[in-house]
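Structure assessment
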Amino acid sequence: MDEREWLTGHFERRRPRLRSVAYRMLGSVSEAEDAVQEAWLRLDGADAGEVENLDAWLTTVVARTCLNMLRTRRNRREDPADAHMPDPLVAPEDAAHPEREAVLADSVGLALLVVLDTLTPAERLAFVLHDMFAVPFDEIGPMIERSPATARQLASRARRRVRGRAPMPDPDVGRQRAVVDAFFAAARDGDFDGLVAVLHPDVVLRSDGGTARARHTTVLTGARTVASQAITFGRLSPFARPALVNGSAGVVVTAKDRPLSVMGFTVVDGRIAAIDVIADPDRLARLDLAALDG
């Protein structure tokens, strides 16, 4: 085996981790793939013999690429960050599907990704690399041209914001599903009190309709406000198909073989703390939902 074959094999074995880093950094499947591809191009053109720690080198390349992409995105963004939903990872709940394992391995809740999108690029990099991938601050500092101590402070600041706005979901997907089913049953029956009971008092509903469905782009807070809106979901119940959305219980709403929305739910202590909806037809058309038909 020559050096290039060895490098190719090594990179492919590391690709899932690199993709996970990039997805958490960017919240975009396509941009994450671009960042990982950039790492391969850099590796293919580098003298690997001079790289002391290849895994750390690859992580650094992906992280810096993502950092530049985040900075560019931040400079050109005009819409509020919380009006744009990250790309969802959708898979069947059936354990027999290999897609389920892939999503669970790469899962991070949509609600958490929304909060990460409100961080500065440096805060996001420090938090993602240290808290999610255990990269030491001695390595993170140089990536953002800061000292390790400053990188630690950035991660700590990001951690406080995440804890305050992205609660940890219940770990049991079955219990999550029972709560989501109760939500749709109450919506179907027009049971306002039943909806309020299954919603956390400070629940947040975020919906991204894109430019084509701008009226579906909204952020609502509070159980009674969200329940009033959710009553209208009752008519969607017959078209809601259970799915894993970023590793948690969710639904894909489909009519006439056309996806209308993807809904992710964050269930905490038996109540829904966040509902994240993607109704942008352009983005829905790019999702691979074929596995749900199996």
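To start, this report covers the structure provided alongside it. This one's a predicted model, so the numbers in the text were calculated from it and none came from an experiment.

What follows concerns the overall build of the protein. Counting its regular elements, the protein contains 12 helices and seven strands. Scored against the burial criterion, the 294 residues of the protein give a buried share of 51%. For the protein, the accessible area works out to roughly 14300 Å², and carbon and sulfur atoms hold 49% of it.

This brings us to the pairing of strand S2 (residues 199-208). The element S2 is largely enclosed, with a buried count of seven among its 10 residues. For S2 and strand S3 (residues 218-221), the ladder comprises four bridges, and the chain directions are antiparallel. Counterpart to Leu205 in the pairing with S3 is Leu220.

So, about the pattern of salt bridges. Enumeration over the complete set of coordinates arrives at 14 salt bridges. Where Glu93 meets Arg177, a salt bridge forms, and the shortest distance between an N and an O atom there is 2.8 Å. Placement of Glu93 in the loop between strand S1 (90-91) and helix H4 (98-105) and of Arg177 in helix H9 (residues 173-189) is noted, with a sequence separation of 84 residues between them. The partner of Asp276 in a salt bridge is Arg206, with the nearest N and O atoms 2.6 Å apart. Within this pair, whereas Asp276 is found in strand S7 (residues 271-278), its partner Arg206 is found in strand S2, the two being separated by 70 residues in sequence. You can call Asp276 buried: its relative accessible area is 1%. For Arg206, a relative accessible area of 7% corresponds to the buried category.

Moving on, we come to helix H11 (residues 223-230). Among all positions in H11, only Ala223, Val226, Ala227 and Ala230 are buried. Buried positions in H11, seen along its axis, are confined to an arc of 105 degrees and lie on one side of it. Buried residues along H11 sit against H9, helix H10 (192-198), S2, S3 and S7.

The next subject is helix H6 (residues 121-133). With 13 residues, H6 should reach 18 Å at 1.5 Å per residue; the first-to-last C-alpha distance of 17 Å fits that figure. For H6, the set of buried residues is Pro121, Ala122, Glu123, Arg124, Leu125, Ala126, Phe127, Val128, Leu129 and Phe133. Just downstream of H6 lies Ala134, where phi reads positive at about 55 degrees.

A word on the sheet that holds S3. Strand order across the open sheet formed by seven strands is S1-S4-S5-S6-S7-S2-S3, with mixed pairing between neighbours. Only two strands of the sheet have a single partner each, and these edge strands are S1 and S3. Across six bridges, strand S4 (residues 240-245) lies against strand S5 (residues 248-255) in antiparallel orientation. What sits directly across from Leu244, in S5, is Ala249.

Next up on the list: the nonpolar core. Within the largest apolar cluster, 59 residues are counted, with the highest numbers of intra-cluster contacts made by Phe11, Met25, Leu116, Leu125, Leu129 and Ile140. Sorting the residues of this core by element identifies helix H1 (3-26), helix H2 (29-44), helix H3 (54-76), helix H5 (110-116), H6, helix H7 (137-143), helix H8 (148-165) and S4 as the ones contributing at least two each. In contact with Met25, not counting residues within four places along its chain, are Ala63, Cys66, Leu67, Leu70, Arg124, Leu125 and Val128. Ala186, Leu220, Ala223 and Ile275 belong to the second largest nonpolar core, which has 28 residues in total.

Moving on, we get to the packing of aromatic side chains. Scanning the model with the defined rule gives four aromatic pairs in all. Arranged with centres 5.3 Å apart and planes meeting at 50 degrees, the rings of Phe11 and Trp40 form a pair that is tilted. Here Trp40 lies in helix H2 and Phe11 lies in helix H1, a separation of 29 residues in the sequence. The class for Phe11 is buried, based on a relative accessible area of 0%. Among the residues examined, Trp40 registers a relative accessible area of 13% and is labelled buried. Residues Phe183 and Phe265 carry aromatic rings whose centres are separated by 5.5 Å and whose planes lie at 65 degrees to one another, so their mutual orientation is edge-to-face. Of this pair, Phe183 sits in helix H9 while Phe265 sits in strand S6 (residues 258-268), and the two are 82 residues apart along the sequence. Here Phe183 and Phe265 have matching classes, each one buried. What links up through ring pairs into an aromatic cluster is the set Phe183, Phe184 and Phe265.

Basis of the calculations
Residues numbered from 1 in each chain as written. Predicted model: local features only at pLDDT ≥ 70, side-chain atom pairs only at ≥ 80, totals over all residues. Heavy atoms only, no water. Helix = DSSP H or I, 4+ residues; strand = E, 2+ residues; numbered from the N terminus. Buried < 20%, exposed > 50% of the residue type's maximum accessible area, 1.4 Å probe, protein only. Areas by Shrake-Rupley, 256 points an atom, 1.4 Å probe, with all protein chains shown as cover. Pairing = 2+ DSSP bridges. Salt bridge = Lys/Arg side-chain N within 4 Å of Asp/Glu carboxyl O. Arc of directions from axis to C-beta. Contact = heavy atoms within 4.5 Å. Expected span 1.5 Å × (residues − 1). Core = buried A, V, L, I, M, F, W, Y, C linked by side-chain atoms within 4.5 Å. Phe/Tyr/Trp six-rings, centres within 6.5 Å; stacked < 30°, edge-to-face > 60°.

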